Amino acid sequence: MTATSAALAAEFDQHRSRLIGLGYRLTGRIADAEDAVQDAWLRLASTDREDIRDLGAWLTTVVSRLCLDRMRSAAVQREQYVGPWLPEPLVTSLDDDPGDIVADQDDLRMAALRVLHELPPDQRLAFVLHDGFGVPFAEIADVLGCSVAAARQHASRARRAMAEADPPPQVPLPEQQRIVEEFLAAVASKDVDAVARALHPTAAVIADSGGKARTARRPVVGVDKVARLLVGLVRKYDELLGGIRLVRVNGDLGVLLPGSPELAPRVFTLAVRDGRLATVFEVANPDKLTRVPW
């Protein structure tokens, strides 16, 4: 590697974490984000650096375009997806630094990402680029191949959808841990009433298996249904409780269940609202768990 190419690589690396974070927000998959960033590097390496006035903006545009192609293709594929679709979980231990991509990023929490990924690709891209990365609408319009007015409208519709969905706000980790530990104790007691008392009135379980693992294929909504589902699972797979451990999932508190011959491994993210458990996001699709530190 020449001194010039080494300098370019070093300059590129300064943007890598931000670009992977952008790609993950857009596609919901770290592998897709990394592929887009690698392709952006290859394009940069074959471009005259002096022709690029603002490298950060140039890379953001390139990665956005690459991800948009993936997003539009994925939108068609998801029409055949079995059950709810959730982004790939980003799992770290409670003691580890969650990393630059996740640290203090409220919009990367599973509750927010699920809403984001229900948006059409053009709305998602316009919202993420403008509200998350401060990209001007003129540049967003160029990526989308539309007018500036249309780009503004895409972002506005996405912003409205996110506000109407009202995902649970983030609470401090110690409070999350207290609430989750109390909830797990109630589940371990196999007392449906005790579990119901630990749940928020809007309680729901949303599970993503892609048809490749045993789980609910439709969202389970309502305190009584959620409580009975969880207690029923514990009664059937009681021995698995001893293997669970608390982790960070996309910055929030979550639960790792390594699994057994009877039940495939899975990751749970737990969203809290008003001091009680509101939503359980369950990812059991093995394709989305390849990076989990079991």
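Quick caveat: nothing in here was measured; it's all calculated off a predicted structure.

### Describing the state of the cysteines
Every disulfide links exactly two cysteines, by a covalent bond between their sulfur atoms.
In step 1: If you walk through the whole model with that rule in mind, you get zero disulfides.
In step 2: Cys67 forms no disulfide, and the closest cysteine sulfur to it belongs to Cys146, at a distance of 17 Å.
In step 3: Residue classification places Cys67 among the buried residues on the basis of a relative accessible area of 0%.

### Topic: the packing of helix α3 (residues 55-77) against helix α6 (residues 137-144)
In step 1: Across the interface, α3 lies against α6 with an axial gap of 10 Å and an inter-helix angle of 40°. Compared by their axis directions, α3 and α6 come out oblique. The handedness of the crossing between α3 and α6 comes out as right-handed. Between α3 and α6, the contacting residues are Ala57, Thr61, Ser64, Arg65, Leu68 and Arg72 on the first element and Glu139, Asp142, Val143 and Leu144 on the second.

### Topic: the pairing of strand β6 (residues 266-273)
In step 1: Summarising burial for β6: eight of the eight residues are buried, a large majority.
In step 2: Residues Arg266, Phe268, Leu270 and Val272 of β6 are buried on one face, and the alternating residues Val267, Thr269, Ala271 and Arg273, pointing to the opposite face, are buried as well.
In step 3: With four bridges joining them, strand β5 (residues 252-257) and β6 adopt antiparallel strand pairing. By the bridge assignment, Leu257 is partnered in β6 with Arg266.
In step 4: Note: β6 against strand β7 (residues 276-283), seven bridges, orientation antiparallel. Its bridge partner being in β7, Leu270 is matched across the sheet by Val280.
In step 5: With antiparallel pairing between neighbouring strands as the criterion, β6 and β7 make up a hairpin whose turn holds two residues, including Asp274 at a positive phi of roughly 55°.

### Focus on the UniProt feature "domain: RNA polymerase sigma factor 70 region 4 type" (unreviewed entry) in the protein chain
In step 1: Mapped onto this numbering, the UniProt entry gives "domain: RNA polymerase sigma factor 70 region 4 type" (unreviewed entry) at residues 110-162.
In step 2: Summarising residues 110-162: 81% helix, 0% strand, and an end-to-end C-alpha distance of 13 Å.

### Description of the nonpolar core
In step 1: If you look at the biggest cluster of nonpolar residues, it comprises 45 residues, and the most contacted ones within it are Leu44, Val63, Leu125 and Ile140.
In step 2: Contributions of two or more residues to this core are made by α1 (3-27), α2 (30-45), α3, α4 (110-116), α5 (121-133), α6 and α7 (148-165).
In step 3: In contact with Val63, not counting residues within four places along its chain, are Leu19, Leu22, Ala36, Val37 and Ala40.
In step 4: Ile179, Ala198, Val205 and Leu277 belong to the second largest nonpolar core, which has 30 residues in total.

The rules we used
- Numbers given to residues run from 1 along each chain, matching the order in which its sequence is written.
- Totals for whole chains, interfaces and linings use all residues, but because this is a predicted model, local features are given only for residues with pLDDT of at least 70 and pairs of side-chain atoms are given and counted only at 80 or more.
- Working from all heavy atoms in the structure, the side-chain values ignore hydrogens and water.
- Any pair of cysteine sulfurs within 2.5 Å is marked as a disulfide.
- The buried label applies to any residue whose accessible area, calculated with a 1.4 Å probe on protein chains only, is under 20% of its type's maximum; exposed applies above 50%, and partly exposed to all values in between.
- As a rule, the C-alpha atoms of each element are fitted with a line to give its axis, helices using only the stretch in contact, and angles between N-to-C directions run from 0 to 180 degrees.
- Starting at the N terminus, helices and strands are each numbered in turn, a helix being any DSSP run of H or I of at least four residues and a strand any DSSP run of E of at least two.
- Here the word oblique covers every angle except those under 35 degrees (roughly parallel), over 145 (roughly antiparallel) and from 65 to 115 (roughly perpendicular).
- Here a crossing is taken to be left-handed if its near helix is turned anticlockwise relative to the far helix by less than a right angle, and right-handed if that turn runs clockwise.
- Only heavy atoms matter for contacts: two residues are in contact if any of them lie within 4.5 Å across the pair.
- Two strands form a pair only when DSSP identifies at least two bridges running between them.
- UniProt positions are given in the numbering used here, feature names are shortened, and annotations may be inferred rather than shown by experiment.
- Residues enter a nonpolar core if they are buried and are Ala, Val, Leu, Ile, Met, Phe, Trp, Tyr or Cys, with the set joined through side-chain atoms within 4.5 Å.

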